[in-house]
Amino acid sequence: MCPFMSSEWTLVLGLPLEGWGCRGPAASARTLGAGLSLIFEEVLAVHVALTLDSLKPSGREFHEDNLVACALDLLFAGTETTSTTIRWALLYMAVYPEIQARVQAEIDAVIGQSRLPALEDRNNMPYTNAVIHEVQRKGNIIPFNVPRQAVTDTVLAGFRVPKGTILIPNLSSVMFDKKEWETPHSFNPGHFVKDGQFRKREAFMPFSIGKIESV
């Protein structure tokens, strides 16, 4: 068994990760890339099928540009961010084996090896949840948010922002803010743990905030 990645991580991530790193970085990367490509192809096929099924008889709501936009949304807003999070998680688990061992113990205790993980398991795995959040914080998955446009004249932090101004929020400034994080430049899952339980942090916004906030 490779010391970097055990079979339980394969169970949690749903990808062929057993033996990760033991075959060399190139072979391991190809294995992960192939698995992610298959997942994306399946998700895209299902998404297109559901979109076609929901069309009105006129068909005016669906055209090639719409399909391309939906595919890009899936790729960049879902597949890319997920795969990037997984890559950072693999790196941090290899660098911090003591953290990986603790996550492994929690997975063994809550999920075991006889079934697949379920969404409700997350509430019973505070440390694993904290590690995933810290991966996204320290990994800084999306340093800059997507551009936004001011729809009215407004004042932000004392600055006048005219209508039509394009704004690009700097998420890194929040994720590494010394006023918000005890050790902002260190990988520390303790940022998200309090009294043995997972705690949410308002400063945690890897994919922005608001009504369309990603989780």
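Details of the structure are given in the entry above.
The structure presented is a predicted model; accordingly, all values stated were derived computationally and were not measured.

About the thresholds
- Residues numbered from 1 in each chain as written.
- Predicted model: local features only at pLDDT ≥ 70, side-chain atom pairs only at ≥ 80, totals over all residues.
- Heavy atoms only, no water.
- Helix = DSSP H or I, 4+ residues; strand = E, 2+ residues; numbered from the N terminus.
- Buried < 20%, exposed > 50% of the residue type's maximum accessible area, 1.4 Å probe, protein only.
- Contact = heavy atoms within 4.5 Å.
- Areas by Shrake-Rupley, 256 points an atom, 1.4 Å probe, with all protein chains shown as cover.
- Phe/Tyr/Trp six-rings, centres within 6.5 Å; stacked < 30°, edge-to-face > 60°.
- Lys NZ or Arg CZ within 6 Å of the ring centre and 35° of its normal.
- Axes fitted to C-alpha atoms, helices over the stretch in contact; angles between N-to-C directions.
- Parallel < 35°, antiparallel > 145°, perpendicular 65-115°, else oblique.
- Nonpolar A, V, L, I, M, F, W, Y, C, P; charged D, E, K, R; others polar.
- Salt bridge = Lys/Arg side-chain N within 4 Å of Asp/Glu carboxyl O.
- Patch = residues over 30% accessible without salt bridge, like charges linked within 9 Å, V, L, I, M, F, W, Y side chains within 5 Å.

A. Layout of the overall build of the protein chain. Of the regular secondary structure elements, the protein chain holds six helices and six strands. For the protein chain, the succession of helices and strands along the chain, N to C, is α-α-α-α-α-β-β-β-β-α-β-β. Burial statistics for the protein chain: of 215 residues in total, 34% are counted as buried. Considering only contacts within the protein chain whose residues lie at least 6 apart along the sequence, 56% involve residues at least 24 apart. By element, 60% of the accessible surface of the protein chain is carried by carbon and sulfur atoms, the whole surface being about 13,500 Å².

B. Representation of the packing of aromatic side chains in the model. Enumeration according to the criterion identifies seven aromatic pairs in this entry. Judged by centre distance (6.2 Å) and plane angle (5 degrees), the rings of Phe 192 and Phe 198 are stacked. Chaining the aromatic ring pairs together yields one cluster made of Trp 88, Tyr 92, Tyr 96 and Phe 187. The residue whose ring lies beneath Arg 137 is Trp 181, and the NZ or CZ to ring-centre distance is 5.2 Å.

C. Looking closely at the packing of helix H3 (residues 64-95) against helix H4 (residues 97-110). Closest axis-to-axis distance for the H3/H4 pair is 5 Å, and the angle between their directions is 110 degrees. The pairing of H3 with H4 is recorded here as roughly perpendicular in orientation. Note on element contacts: H4 touches H3 through Pro 97, Ile 99 and Gln 100, opposite Met 93, Ala 94 and Val 95. The residue makeup of the contact of H3 with H4, split by class, is five nonpolar, one polar and no charged.

D. Up close: the pattern of salt bridges. Evaluation of the coordinates by the stated rule reveals four salt bridges. Across the pair Asp 121 and Arg 115 runs a salt bridge whose closest N-O atoms are separated by 3.0 Å. With a relative accessible area of 6%, Asp 121 lands in the buried category. According to the relative accessible area criterion, Arg 115 is partly exposed, its value standing at 33%. Across the pair Arg 201 and Glu 182 runs a salt bridge whose closest N-O atoms are separated by 3.7 Å. Placement of the pair is Arg 201 in the segment after strand S6 (197-198) and Glu 182 in the loop between helix H6 (172-175) and strand S5 (193-194), with a sequence separation of 19 residues. You can call Arg 201 buried: its relative accessible area is 15%. A single salt-bridge network, built from bridges that share partners, covers Glu 182, Arg 199 and Arg 201.

E. Region of the structure containing a nonpolar patch on the surface. Among the surface-exposed residues, Val 68, Leu 72 and Phe 76 lie close enough to one another that they form a single nonpolar patch of about 280 Å² accessible area. As for its placement among the helices and strands, Leu 72 is situated in helix H3.

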